[in-house]
Each structure stands twice: as C-alpha cells, then as structure tokens.
Amino acid sequence: MKKYGTVLITGASSGIGRELALEFGARSETLAIVARRLDRLEKLRAELLARHAGLKVIALAADLSEEREIERLLGRVAEQAGHIDVLVNNAGVGDAALFDRAEWARTRQILHTNVIAVAQLTAALVPGMAKRGRGGVLNIGSGAGLTVLPNAAAYVASKHFVAGFSEALRADLAGTGVTVTQVCPGPVDSEFDELAGSVGGMAGAPPKFFRISAARCAREAVAGFEHGSAVVYPGRAYRFVMRMLPLFPMWLRRRQAASIAARVRGAQMRDGRSGA
Ligand SMILES: NC(=O)c1ccc[n+]([C@@H]2O[C@H](COP(=O)([O-])OP(=O)(O)OC[C@H]3O[C@@H](n4cnc5c(N)ncnc54)[C@H](OP(=O)(O)O)[C@@H]3O)[C@@H](O)[C@H]2O)c1
C-alpha cells in the first residue's frame, strides 16, 4: 500500500533531490520531479519506472529562479498530476563570496531559488492540503540556517529564511493534518560545493569527517518526515554537533566567522582579486 498520492520534488536532477525521489518513489503513486536539466530528469524517470511497477512519474523542466516559470510549472502540475499531497522544497544553490565582492546576478539567483520559489510553491500548494485535511511539506534547509557562516551571506540568509519559515508554517498548520519538517544537513556529497565554488566545503562548515552521502541524507530526511519531526539533522556525528550548538555562545560564533572572513579577504588581496 502506497503511503502518498502525489509528491512533488524540486531539484531532483542531482544530489539530495535525486535520492529523495528514489525514496519517495517506493512510497507514492505519482512523482512530479522538477529541475532545469530535463535530460537528467528523464533518466531518473526511467530508473524510477524500472524499479517501481505502477508508479507514475512526471518530469518537468523549470527554472525556479523565475517567478513566471513557477506559475507555468504550477499550471502543468495541476494539468498532469492533479493535486499535490507532499511538497519537497529541495532545489537550492550556494555561493562562496564575501558579500561586498559577490556578483548581484548570483545573489539574485540564490534568493529567488532558495527563498521566493520555496514560498511561492508552498503558497500555491498548501491551501489545497489544508482543505483536504492531509499532506506534508519537507523543506531542505541547512545547518547554515541555524548559525552564522562567513563568505556566503545570501546563502546563509536564505537558509535562515527556510528555518524560520518551516517553524512558523508548522505552527500555522497545526491541527490541519498537514505536517512540516525541515532538514538541516551539514556537508553532503553532491554537486553543490562545486557549483557554489566552495570545493572542499563551505568556509567555517563542519570538516570532511562529518560528510555523508546524499542517499543517507535523503533516507534520514524521509524517516524524520514520516515521524513528524520538526527538524532533522542527518548523520550521527553531525547530529551530535548540532544538538550541542546552543552551548556555543553567539559571540564566539560571530568572532570565528569574522576571523575566517578576514583570512579569506586577506588571501584574495594577496592574489590581487578585486571582487565583482
Ligand atoms: N550538499 C550539501 O553539502 C548541502 C548542505 C546543506 C544543505 N544543502 C541543501 O540541499 C539542497 C540540495 O542540494 P544538493 O546538495 O543536492 O546540491 P546539487 O547536487 O547541486 O542539487 C541541486 C538541485 O537543485 C536544482 N536547482 C538549482 N537551481 C535551480 C533552479 N534555478 N531551478 C530549478 N532547479 C534548480 C538543480 O537542478 P538543475 O541544475 O538541473 O536545475 C539540482 O537538482 C539545497 O537546497 C542545498 O542548499 C546541501
């Protein structure tokens, strides 16, 4: 017996989103998978269909950094998939730049993909869930959304949005039958760091030892979602660190972030990089 009717997953063309699609594929009647790279989505679709008899998979290309594309996407979702029972806001992009040296085009891309798209999709799909009295939202935030990290201000702020939004949405939807879970991963193997320009991990993020696979991240995310958890920290060692985080005073975290940022700036000045 499948647990869910239709699940929509953004950013399913790679990393955590792809693994989330494999997890939800076993539990759903229909999957709507979204990203910009349609060829990747089509390959994943074929893989899902081969694994799960009876599963329907709809691959939809959309650039979530464009509000109009999201509107068009929602139209196609309604047409081809009907109502959505579970929304997985996973798509996201990072950065590795001091804010005064960051390119606006990149900052805009981060804010639109990680913030506006999450709010827009949730605003469109959650009212139906609340009316039907069942459903769920699984938001992929980040440990960066619960503290301060240097050299990625727009990304860190975007994940603080996801953290605050998830908690407040969970409160608003209490008693409606719609659950909200936020996942706050630490370092996960995916294309994320390379695309963000932070190969080897974000400045100030937990070291390599804490890195987990995207498959494990997705498995623990779905387990937490099914348990109705408010927050999931995937990976045992990382979970321990995140539970200890409140013991580290904010002044200490600020000081550490500022000192790493000063080192990054110093290195860039020595290399003669002037910034954007
Ligand atoms: N990896 C980590 O260490 C880590 C740690 C904490 C949190 N996270 C979060 O985990 C989530 C998934 O990241 P990941 O690690 O799996 O990275 P990833 O491998 O780079 O995957 C990112 C996904 O987002 C999609 N995406 C990016 N921009 C998009 C856009 N404008 N429109 C539509 N789709 C877009 C990408 O698809 P297309 O390029 O095909 O569009 C891709 O499927 C993100 O929200 C990220 O912030 C990751």
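Here, every reference points to the structure presented above.
Read on for an overview of the structure. Quick caveat: nothing in here was measured; it's all calculated off a predicted structure.

## Thoughts on the overall build of the chain
- Helices and strands together make up the secondary structure of the chain, namely 9 helices and 7 strands.
- Taken against the 2.2 N^0.38 rule, which gives 19 Å for 276 residues, the C-alpha radius of gyration of the chain at 19 Å falls within 12% of a compact globule.
- Counting only C-alpha atoms, the chain reaches 60 × 40 × 30 Å along its principal axes.
- Of all 276 residues assigned to the chain, the portion counted as buried reaches 41%.

## What about the nonpolar core?
- Ile9, Ala21 and Ile33 are the most contacted members of the largest nonpolar core, which has 56 residues in total.
- Setting aside chain neighbours within four positions, we find Ala21 in contact with Ile9, Ala12, Leu31, Ile33, Leu44 and Leu48.
- Within the second largest apolar cluster, 13 residues are counted, among which are Ala97, Ala102, Ile110 and Val156.

## Quick look at the pairing of strand E2 (residues 28-35)
- Taken across its 8 residues, E2 has 6 buried, putting it largely inside the fold.
- Alignment of strand E1 (residues 4-10) against E2, held across 6 bridges, turns out to be parallel. Among the inter-strand pairings, Tyr4 is bridged to a residue of E2, identified as Ser28.
- For the segment spanning E1, helix H1 (residues 15-25) and E2, crossover handedness is right-handed.

## Details of the pairing of strand E3 (residues 56-61)
- In terms of strand pairing, E2 meets E3 through 6 bridges, oriented parallel. When the bridges of E3 are listed, Leu31 appears paired with Val57.
- Read from E2 through helix H2 (residues 38-51) to E3, the crossover connection turns out right-handed.

## Overview of the sheet that holds E3
- If you walk across this open sheet you meet the 7 strands as E3-E2-E1-E4-E5-E6-E7, and the pairing is parallel. In the strand order of this sheet, the two ends are held by E3 and strand E7 (231-232), each with one partner.
- In this sheet, strand E4 (residues 86-89) lies alongside E1 in parallel orientation, the contact comprising 3 bridges. Looking across to E4, one finds that Val7 is bridged to Val86.
- Across the sheet, H2 is in contact with E2 and E3; its angle to E3 comes to roughly 175 degrees.

## A few points about the environment of Val241
- Take Val241: it is sitting in helix H8 (residues 236-244).
- Its 15 C-beta neighbours within 10 Å are what place Val241 among the partly exposed residues.
- A sequence separation of 24 residues divides Val241 from Cys217, and the C-alpha atoms of the two residues are 16 Å apart.

## Looking at the packing of helix H3 (residues 67-81) against helix H4 (residues 104-132)
- Two elements in contact, H3 and H4, have axes whose closest approach is 11 Å; the angle formed by their N-to-C orientations is 30 degrees. Between H3 and H4, the crossing angle belongs to the class labelled roughly parallel. For the crossing formed where H3 meets H4, the hand is right-handed. Across the interface between the two elements, Glu67, Ile70 and Leu74 of H3 pack against Ile116, Ala117, Gln120, Leu121 and Ala124 of H4.
- Taken together, the residues of the contact of H3 with H4 break down into 6 nonpolar, 1 polar and 1 charged.

## Some remarks on the site of the ligand
- Inspection of the region around the ligand gives 31 residues, with Gly11, Gly15, Arg36, Gly92 and Ser190 positioned closest.
- Looking at the shell around the ligand, the elements with two or more residues in it are H1 and helix H6 (192-196).
- In terms of residue count, H1 provides more of the shell around the ligand than any other element does, 3 residues in total.
- Taken together, the residues of the shell around the ligand break down into 14 nonpolar, 12 polar and 5 charged.

## Things to note about helix H9 (residues 250-271)
- Taking 1.5 Å as the rise per residue, H9 with 22 residues should run 32 Å; its terminal C-alpha atoms sit 32 Å apart, in good agreement.
- Of all 22 residues in H9, 0 are buried, a share of ten percent or less.
- Taken from the residues just after H9, Gly272 is the one with a positive phi, measuring 80 degrees.

## Considerations on the packing of H1 against helix H7 (residues 214-227)
- Running from N to C, H1 and H7 cross one another at 50 degrees; their axes reach a closest spacing of 8 Å. Accordingly, the angle class assigned to the pair H1 and H7 is oblique. The element H1 and its partner H7 pack so that their crossing is right-handed. Residues Gly15, Ile16, Glu19, Leu20, Glu23 and Phe24 of H1 touch H7, and the partners they reach there are Ala214, Ala215, Cys217, Ala218, Arg219, Ala221 and Val222.

## Some words on unusual backbone geometry
- Located in the positive-phi region is Asn151, a residue other than glycine, with phi close to 70 degrees.
- Tracing the backbone shows Asn151 in the loop between strand E5 (135-140) and helix H5 (153-172).
- Its 24 C-beta neighbours within 10 Å are what place Asn151 among the buried residues.

Cut-offs and rules
- Residues numbered from 1 in each chain as written.
- Predicted model: local features only at pLDDT ≥ 70, side-chain atom pairs only at ≥ 80, totals over all residues.
- Helix = DSSP H or I, 4+ residues; strand = E, 2+ residues; numbered from the N terminus.
- Rg over C-alpha atoms; globule rule 2.2 N^0.38 Å.
- Buried ≥ 20, exposed ≤ 12 C-beta atoms within 10 Å, placed from the backbone.
- Core = buried A, V, L, I, M, F, W, Y, C linked by C-beta atoms within 7 Å.
- Contact = placed C-beta atoms within 7 Å.
- Pairing = 2+ DSSP bridges.
- Right-handed = clockwise from strand over helix to strand, strands pointing away.
- Axes fitted to C-alpha atoms, helices over the stretch in contact; angles between N-to-C directions.
- Parallel < 35°, antiparallel > 145°, perpendicular 65-115°, else oblique.
- Left-handed = near helix turned anticlockwise from the far one by under 90°.
- Nonpolar A, V, L, I, M, F, W, Y, C, P; charged D, E, K, R; others polar.
- Near = placed C-beta within 6 Å.
- Expected span 1.5 Å × (residues − 1).

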